[in-house]
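Single-letter residue listing:
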Amino acid sequence: MDEWSGKNGVEAFAQIANVGSEGYLPKNMAWSRFLGPDDWDERFAAADLVVAHAGMGTIISALMAGKPIVIMPRKAAYNEHRNDHQVATGKRFEGRPGVHVAMDEFELPTIVEAAVSQPPVGAQRLGRYADPALIETIRDFIVSNKSR
Amino acid sequence: MVLDSQHPPKLVREAHRAKKGFQLSYWDNAMEGARVLAVASGGGHWIQLLRLTPAWAGVDCAYMTTNAGLERDLPGGRGSDQRFYVVPDANRSRKLDLVHQVAAVGRVVLRERPTVVITTGASVGFFALVVAKMIGSRTVWLDSVANADELSLSGKRAGRFADLWLTQWPDLAKGQAGLKDGPSYRGSVL
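Q: Hey, could you run me through unusual backbone geometry in this one?
A: Glycine aside, the phi torsion of most residues is negative, and most peptide linkages are trans. Residue Ala122(B) is reached from Gly121(B) by a cis peptide bond, and omega for that bond is -5 degrees. Assignment of secondary structure puts Ala122(B) in the loop between β5 (116–119) and α5 (123–134). Here Asn79(A), not a glycine, exhibits a phi torsion of approximately 65 degrees, which is positive. Among the secondary structure elements, Asn79(A) is positioned in the loop between β4 (69–71) and α4 (85–93). Asn79(A) gets classed as exposed once you look at its relative accessible area, which sits at 73%. Notably, Arg113(B) is not glycine yet its phi reads approximately 45 degrees, a positive angle.

Here you go:
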């Protein structure tokens, strides 16, 4: 992303909690190691495009804001996560409007280009709450006094 | 209101109860005596938990998470009179953090004595369910929507401690793929 941002003159901000084993630090992007919830919200709101690993919190936030997002799953092979559940997430979200999936850093620049050249997805925002059937199931459980 | 899990607030809860007595409503009747503790670690698990809040609208509910900054997300907002507990964060690679987390979670659950504990994970929710079962609370585990190909490790283990054990992916539910035992599917947070 740092290379892409420098090459295209696009202003970018990065949160890098764990600097990789090669010790690479951004040359073109502003960055910080940690963002508190309020700072995170502010940066998120200001962005035209979000590029992140395939964590559900970031994906849900982007879907709710109607903001395009590029996700690149963390991989267990690179010690980026315990298992490859983010790869599974990437596959499940492939093709969903506003969500663009890059499976590795070689694919990333092309996918980012594609994401920025697409029209905004604001009209297809995700609502605030879960599937009503799920909420109803949990509500019924809370009201009832029976165990399994 | 941020509550220190080390010194839980006896008086605060009693004040809350007393106040509730003056606001008898439909839900106070339907949900009489119900007391929910909603639990999730910060990040994606917490965001998923917030998407379920209508399930306990009108019910006495306390929240527990791992990041104090998330109080702003409570249905009543920051500084509301909702009970909000912050416990230490932890992950499997740092065992000592897990010990601190278990202790803090245990203190909150014992103090709250909820009738129902609901969690979307991760370890903080698992520990809450285990302690909740020991004191006779009823429990809900909703496995994270992030686990699309298989249940999380804590999600699998939570089955023993969950009265309502849910996955957000139909193909991971009991009866699918030859699964004899497993969670149910009733929809997802998306």
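Q: When you look at the side chain of Thr120(B) in this model, what are you seeing that I'm missing?
A: Tracing the backbone shows Thr120(B) in the loop between β5 and α5. Beyond its immediate chain neighbours, meaning those up to four positions away, Thr120(B) contacts Val39(B), Ala40(B), His45(B), Gln48(B), Leu49(B), Leu52(B), Leu142(B) and Ser144(B).

Q: I tried to follow the nonpolar core on my own but got confused; where do I start?
A: Core analysis: the largest hydrophobic core is formed by 78 residues, its most contacted members being Trp46(B), Leu52(B), Trp56(B), Tyr63(B) and Met64(B). Considering every element that reaches this core, the biggest residue donor is α5(B), with 7 residues.

Q: Sorry, what's going on with the sheet that holds β4(A) here?
A: Note: strands within a sheet are paired through backbone hydrogen bonds, in either parallel or antiparallel orientation. All names here are of chain A. Spatial ordering of the open sheet is given by β3-β4-β5, a layout of 3 strands whose pairing is parallel. The outermost strands of the open sheet, each flanked by one partner alone, are β3 (50–52) and β5 (99–101). Ignoring strand direction, the axes of neighbouring strands in this sheet form an average angle of 20 degrees. Where β3 lies against β4, 3 bridges are found, and the strand directions are parallel. Within the sheet, the bridge partner assigned to Ala-52 lies in β4 and is Ile-71. Set on the sheet, helix α5 (residues 108–116) makes contact with β3, β4 and β5; between it and β4 the angle comes to about 165 degrees.

Cut-offs and rules
Residues numbered from 1 in each chain as written. Chains lettered and ligands numbered in written order. Predicted model: local features only at pLDDT ≥ 70, side-chain atom pairs only at ≥ 80, totals over all residues. Heavy atoms only, no water. Helix = DSSP H or I, 4+ residues; strand = E, 2+ residues; numbered from the N terminus. Buried < 20%, exposed > 50% of the residue type's maximum accessible area, 1.4 Å probe, protein only. Contact = heavy atoms within 4.5 Å. Core = buried A, V, L, I, M, F, W, Y, C linked by side-chain atoms within 4.5 Å. Pairing = 2+ DSSP bridges. Axes fitted to C-alpha atoms, helices over the stretch in contact; angles between N-to-C directions.

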